[in-house]
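Read off the chains here:
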Amino acid sequence: MKMKKAASLLLGASVLAGSLAGCSTGNPAGEDSTSKNGTTTIEFWAAPNPPQQAYWKETAKAFEKDHPKIKIKVSPIKESPTSEASIQSAIAGKEAPTMSENINRGFAAQLAESKAIEPLNKMKGYDDILKSRSMTDTIKGWKFADGNQYVLPIYSNAMLFGWRLDILKKLGYNEPPKTYSEVLDVTKKLKAKYPDKYLWAKPDLADPTAWKRWFDFFMLYDAASGGNKFIEGNKLVADDKAGVDVLNFMDNIRKEKGILTKQSKDPFETGLGIFTDIGPWTLQYWAEKFPEMKYNKTFAFSTPPVPDGTDTKNVSTFADTKGLVIYSSAPENEKKAAMEFIKWVYSKPENDVKWMEKTNLPPARDDLATNDAFKEIYEKNPALKPYAEAIPNAVPSIDNAKYNELQTYIGQYAVNPVVKGEVQPKKGWEKMKEAIEGDLK
Amino acid sequence: MRTKNNNGMGWLFASPYLLYGLIFFLIPLGWSFYLSITDWNLIAPVFHHVGLDNFIKALKSPGVHAAFFVTFKFMIVFVPMVIASSLIVALVVHGLPRFKGLFLIGFFLPYLASGVVSSFIVKGFLSYNSPVNTFLRGQLGLDINWLGTPLSALLLVAVIIAWKFTGYYALILTSGFESINQEIYEAAAIDGVNGWQRFWRITLPLLYPALFTTLILSIGVTFGIFTEVYQLTGGGPNFGTNTWQMEIYKQAFQNLSAGYASAVALIASVVTFISIFIIRKFLEMWGKRNGWT
């Protein structure tokens, strides 16, 4: 009887263990994955969108032809519920890949703090990559507070503001305004001629979600402060004058009834608002959904407006940029193979050309606007040129592990109440600083 | 010997559920208790024990305070709304001469609809430049910020969830109506009871078992609201729709504070347990007054 019981328990346990083992997908962390014939297989998680998937699969195949001893398994990062959460779960479950892309600087800071990713600058071949890809200037802004570089930026969307040029022309302007007072003049003329239209129709302005600050506050703050850092290490080093200027600018537009924060559908495309942040990814979307949106006819780009009296050339802006990381849990041979792959990809400008053609995302290169290899792309799609030109002045996101909380405070205490007229800009700025400094202690 | 065999068989048959409970409930619960006293972020290889710091921080947090009050505000709005609407549907369907099942299926369908999809539709429907709002502004001069104020956002989310659950609860209430003996109504009619008295004095008390179930279920729903809030308001404006689940999600998956999120989840489960316990006691008292033991 006892034997029977023990046998049933053993059977049950084996079935359970078998089914749980079936859930496992990869090599346990740290284990050497070189096969008997000397082939190293690395797992690469790419962004889940089809153009990026296609690019990495093709590139991996081409690399494997040149390097028969390295195999690259490209698969999409699961977004359940977010790509960051999937990566976290994979690390916690010791199932992290060798490398992945789509990592922003804030998330990288969280990973770096937990020693989950490698400092790339300490790996062999890193300097060669920077030189061969011509990214020595672009990478400067990516240095983390501890002096290391954990992410190799793939693309850099130097964010620009889009203006409805057709409506601006009806108001008597031939090009977008550049300074705060010029923007206010546009707002006044707009409301006088079209009371139902708004300068800035964007529900996100009233939403405290952290990442939304990249596309309003940080664009304006980087421009107003000349790219001054907001947080350095664990210290708030924000330029107070620039911060309050930005909030005053928002408040002044609100006072002119130029801001709409209610939910609205395609406000810029429908002309309900005439000013909004635009990333290069939008161009492809417009080509499919809004073919009537024509560059330099219906819309134009400008760098973020700046306070009066500030130089309007070489204006800084926020860089929506993501890059590659190598996970610390991967075995040494896989890390080396991953570095080999990165070196190979970025030693050839044609790989970046292919990337840009497939994704419309500007590669993070210093010479993007000047390198002849990209000339044809700008001829085909001139709207991408301003993005390439803005890359050297683009500032990546903050590298603090608490970036999510900290950026939420910017919305919660400053931007959101200011655009709703609930707080004076200076007071809002002070409250935001208090909250951020309290959290950084 | 026979009893021993029977016990063994009992354990064997219960083992799938026991294993399931152990793996998916007890172990995670124990893990959650453990995480709540650490500052773990799901990634770090080292755990730092922080004692009760996470609980103290949570009890002082505006997000947790909001979650506590928002849940009860939802309850006050949502429970009467969904009970009233499901009672109306159940009464109408119960009175139908035929095709009752077909109509019930029709009302039940929203329950199967994805919260994400319905939230997207509502968002589009109520956007500033939607035909509805353009009409309201143009013809009636009404400029409503549907999701922009805490009260309207809360009401809107409550309406969407009530729409989703009405058919499901109507199904339970219809079976309650079916179980009421018709002779009682006939006797009441002879005694000259009017429709109003009939509903309040006969139908509602006799519907108690079905009402009890729907009330407890709907109260339970208010502690688990997430999808609609996540899609429509993100917990805003000004924490006006910040539910427990929203707060836990934000802490765990946006701020990556798994330890703190576990502490919030444990506080939420204690609040849920106590609230449902108290409400259940009140409902049982009401049942006893009407002869249900």
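Owing to the predicted nature of the structure, the values given are computational and were not obtained by experimental measurement.

Quick notes on the rules
Residues numbered from 1 in each chain as written. Chains lettered and ligands numbered in written order. Predicted model: local features only at pLDDT ≥ 70, side-chain atom pairs only at ≥ 80, totals over all residues. Heavy atoms only, no water. Axes fitted to C-alpha atoms, helices over the stretch in contact; angles between N-to-C directions. Helix = DSSP H or I, 4+ residues; strand = E, 2+ residues; numbered from the N terminus. Parallel < 35°, antiparallel > 145°, perpendicular 65-115°, else oblique. Left-handed = near helix turned anticlockwise from the far one by under 90°. Contact = heavy atoms within 4.5 Å. Buried area = accessible area lost by both parts, 1.4 Å probe. Salt bridge = Lys/Arg side-chain N within 4 Å of Asp/Glu carboxyl O. Buried < 20%, exposed > 50% of the residue type's maximum accessible area, 1.4 Å probe, protein only. Polar contact = N/O pair within 3.5 Å; in protein donor to acceptor, adjacent residues only side chain to side chain. Pairing = 2+ DSSP bridges. UniProt positions renumbered as here; feature names shortened; annotations may be inferred.

Some words on the packing of helix α12 (residues 244-254) of chain B against helix α13 (residues 258-289) of chain B
Residue and element names in this part refer to chain B.
Moving on, step 1. Where α12 contacts α13, the two axes come as close as 8 Å, and the packing angle between them is 165 degrees. When the interaxial angle is binned, α12 and α13 end up roughly antiparallel. As α12 packs across α13, the resulting crossing turns out to be left-handed. For the pair α12 and α13, the contacting residues are W244, E247, I248, Q251 and A252 in the first and Y260, A261, V264, A265, I267, A268 and V271 in the second.

So, the interface of chain A and chain B
Moving on, step 1. Counting from both sides, the interface comprises 26 residues of chain A and, opposite them, 27 residues of chain B.
Moving on, step 2. At the boundary of chain A with chain B, total buried surface from both sides reaches about 2400 Å², with 57% on carbon and sulfur atoms.
Moving on, step 3. Considering only the surface of chain A that becomes buried against chain B, A:Q88, A:K262 and A:Q263 emerge as the three largest contributors, covering 28% of it.
Moving on, step 4. Residue A:K262 is joined to B:D143 by a salt bridge in which the shortest nitrogen-to-oxygen separation is 2.6 Å.

A closer look at the side chain of B:T272
Residue and element names in this part refer to chain B.
Moving on, step 1. Following the sequence through the fold, T272 ends up in helix α13.
Moving on, step 2. When its relative accessible area of 19% is taken as the criterion, T272 is described as buried.
Moving on, step 3. Polar side-chain contacts of T272 include one of 2.6 Å to the backbone oxygen of A268.

Quick look at the sheet that holds strand β11 (residues 299-302) of chain A
Residue and element names in this part refer to chain A.
Moving on, step 1. The antiparallel open sheet is built from three strands, whose spatial order is β10-β5-β11. Every other strand in the sheet has two partners, leaving β10 (275-278) and β11 as the edge strands with one partner each. With strand direction ignored, the average angle separating the axes of adjacent strands in the sheet is 35 degrees.
Moving on, step 2. Bridge count between strand β5 (residues 160-164) and β10: four bridges; the pairing is antiparallel. When the bridges of β10 are listed, G162 appears paired with T276.

Regarding the UniProt feature "transmembrane region" (unreviewed entry) in chain B
All names here are of chain B.
Moving on, step 1. When the UniProt feature table is mapped to this numbering, "transmembrane region" (unreviewed entry) covers residues 12-34, 66-93, 102-126, 146-165, 206-226 and 258-279.
Moving on, step 2. The span residues 12-34 is 100% helical and 0% strand by assignment, and the distance between its end C-alpha atoms comes to 31 Å.
Moving on, step 3. Taken end to end, residues 206-226 has its terminal C-alpha atoms 34 Å apart, with 76% of it in helix and 0% in strand.

What to know about unusual backbone geometry
Moving on, step 1. Look at the link from B:G236 to B:P237: it is a cis peptide, with omega at -10 degrees.
Moving on, step 2. Mapped onto the fold, B:P237 is located in the loop between α11 (227-232) and α12.
Moving on, step 3. Unusually for a residue other than glycine, A:S134 sits at a positive phi of about 55 degrees.
Moving on, step 4. Within the secondary structure, A:S134 is located in the loop between α5 (126-133) and β4 (152-158).
Moving on, step 5. For B:F239, which is not a glycine, the phi torsion comes out positive at approximately 65 degrees.

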